[in-house]
Amino acid sequence: MTTATRQGSGDHVSGMGETGELPRLLPPAGPGGQAPDLTAHLARHGRLPYRERPGVLIGDIEQAGLTGRGGAAFPVHRKLAAVLEAAGRRGKTPTVIANGAESEPASDKDAMLLWLAPHLVLDGLQLAAEAVGADSAILYTHADREHDLGLRLRQALLERQVAGADRVPVQLALAPPRFLAGQETALVSHLAGGPAIPAFTPPRITERGMAGAPTLVQNVETLAHLALIARRGPGWFRAVGTGPEPGSMLATIRRPDGRPRITEVPLGMPLRDLLGDLAPESAVLLGGYHGTWLPAARAAGLSLDNRSLAPAGARVGAGVVISLPADRCGLVETANVVRYLAFESAGQCGPCLNGLPRIAAAFAELARGRSGPRTRADLERWAGLVTGRGACHHPDGTARFVRSALVTFAAEADRHERGRCSATSARPFLPIPAGSARTEKDWM
C-alpha cells in the first residue's frame, strides 16, 4: 500500500514493482512535489506501445478485467468496443475525453494523479484514441486552486508536442465547479457550449456524443491503468486485486484526524487495514456523497471490493473511505451534505427540483432536534419516490446516502427526537466546497 498527500501535507512513497508490488500509478515525487518530466516518465515506463490499428488493444483490456475507476466500475473493454462499433456502423470518427472533473468533494485522487503523473494519463488517452479510431482528444478537468494544475498539464502537453509523442491532438478543457460537471452527458453538453447538466438518455454518448459522433469518456485513473496494461500486459495487471475485481485503485482515505490520504491499494484490501482501529460506536462512509454509511463494527469485517460490499448495500465507487470521528454527530454531518447535494442538482427534473430540497429540509430538522413524529418515515418515503426517476443518478445517490444514514444513525435519531445529541464537537468534518448556497430560499 502506498500513501500520497499533496505537496506540503505529508509523505509520498513510490516505486514500480514488476508484478504485484504497489504503487503502480504514482511516481516518485521530485523536489517540491514536482512531477517527473517526459524524459523521466519514459525512462520509468518506456515509450507508448501503439498497436498501429484500432481495436487491437481492446482484447488486452478485456483479459485484464479493467473496470472504470470513476465510480461506476463499468467494464472498460465494453465501452471501447461500443464506440468502435458505432463509429464503423455510422461512418463517424469518434472523440475521446479524459474525465478529470472530480466533483466529489470527499475525493482527491484524480487531482493527485494529474498532479504527479500527467504523462501516464495522457499516454492512456492516446492509446484509447487509437483503440477506437478517434482523431481528437480532450482532457477535461477542474482548475486546482491549491496548485496551478492547468499550467502543469499545459506544460506536459507541450513536452509531448515537442517530442512528437502524441498522434492525436489533445485539447485542455475546464470543467465548472459543480457536483454534476463530471457526469458524462453533462460533460458533453458543456464541451458543446451548453450548460453542464445531465441529458436524458438514450441515445448514449457512445452512440451520439460530441458533434453527434460516438464519444468515449473515461476517468483519468482508468486511462492511467490502460496505459500500464498496454505496456505490461493483462497478467501483470491481475497480479493484485481479486479474481472478479482485479488490479489496484487510488483511494481517498479520511481517518478521524480529517486529513485526506491518497492511497493506492489492491482491490479486496480489508477496510480495517485502511482505517486502523475504529471506535465501535463510530461509522464509516463508503463511496462518497452518493455512497453508504455503515456502522464501524460492520465495516471492519468488509473489504474494498464490490463483491464484499454489496451485501451491506455499499459499493467501492471512486474509492472514498471515511471514518467519522466518535465525537461528531452523523446526522448533522449527513444533513450538511444532503443540503449541499440539493443545491447542486441540475433542477431540470422533478426528483431533483422538488424532492431533494424537501429531503434536505426534513433531514436538517432531524439533525437540529426539531423533527416531527413522521419525519423519518417521510424521509424514507421521499427517498423511495425520487429513486430511478431522474435524468441522471443524482437523486438515486442522494437517496442511498440518506437511507443509509437513517439506519446507521437510528439510535442517534432517537436521541435527537428527545432533544439530545451524543456529539461533543460541533466542528464540521465532511468537506463541503466553499461558495455553496447557504439558505433554503436559494432553492426557489
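Residues numbered from 1 in each chain as written. Predicted model: local features only at pLDDT ≥ 70, side-chain atom pairs only at ≥ 80, totals over all residues. Heavy atoms only, no water.

Chemist: Outline unusual backbone geometry, supporting the account with residue identities and numerical values.
Modeler: Cis geometry is found at the peptide bond from L22 to P23, where omega equals 10 degrees. Mapped onto the elements of the fold, P23 is located in the loop between strand 1 (2-4) and helix 1 (38-45). With a phi angle near 75 degrees, E52 is a residue other than glycine that sits in the positive phi range. Relative to the helices and strands, E52 resides in the loop between helix 1 and helix 2 (56-64). Look at E52 and you get exposed, because its relative accessible area is 56%. (Helix = DSSP H or I, 4+ residues; strand = E, 2+ residues; numbered from the N terminus. Buried < 20%, exposed > 50% of the residue type's maximum accessible area, 1.4 Å probe, protein only.)

Chemist: Mind laying out the side chain of D108, listing which residues take part and the relevant values?
Modeler: Summarising the element assignment, D108 is placed in the loop between strand 2 (95-100) and helix 4 (109-116). Side chain to side chain, D108 and R254 meet in a polar contact 3.3 Å long. (Polar contact = N/O pair within 3.5 Å; in protein donor to acceptor, adjacent residues only side chain to side chain.)

Chemist: Please give an account of the packing of aromatic side chains that cites residues and values.
Modeler: In this structure the tally under the stated criterion is 4 aromatic pairs. Ring centres of Y289 and F401 lie 6.3 Å apart, and the angle between their planes is 45 degrees; this geometry places the pair in the tilted category. Of this pair, Y289 sits in the loop between strand 8 (283-286) and strand 9 (292-295) while F401 sits in helix 16 (residues 394-408), and the two are 112 residues apart along the sequence. No difference in accessibility class separates Y289 from F401, as the two residues are buried. What links up through ring pairs into an aromatic cluster is the set Y289, W293, F401 and F409. A cation sits over an aromatic face here: R167 above Y50, 3.9 Å from the ring centre. (Phe/Tyr/Trp six-rings, centres within 6.5 Å; stacked < 30°, edge-to-face > 60°. Lys NZ or Arg CZ within 6 Å of the ring centre and 35° of its normal.)

Chemist: Describe the packing of helix 4 against helix 8 (residues 220-232), naming the residues involved and giving the relevant values.
Modeler: Close contact between helix 4 and helix 8 brings their axes to 9 Å; oriented N to C, the two are set at 50 degrees. Taken together, the axes of helix 4 and helix 8 are oblique relative to one another. Seen from helix 4, the contacting residues are K109, D110, L113 and L114; seen from helix 8, they are V220, E221 and A224. Grouping the amino acids of the contact of helix 4 with helix 8 by side-chain chemistry returns 4 nonpolar, no polar and 3 charged. (Axes fitted to C-alpha atoms, helices over the stretch in contact; angles between N-to-C directions. Parallel < 35°, antiparallel > 145°, perpendicular 65-115°, else oblique. Contact = heavy atoms within 4.5 Å. Nonpolar A, V, L, I, M, F, W, Y, C, P; charged D, E, K, R; others polar.)

Note that all results are geometric; they support no functional claim without further evidence.
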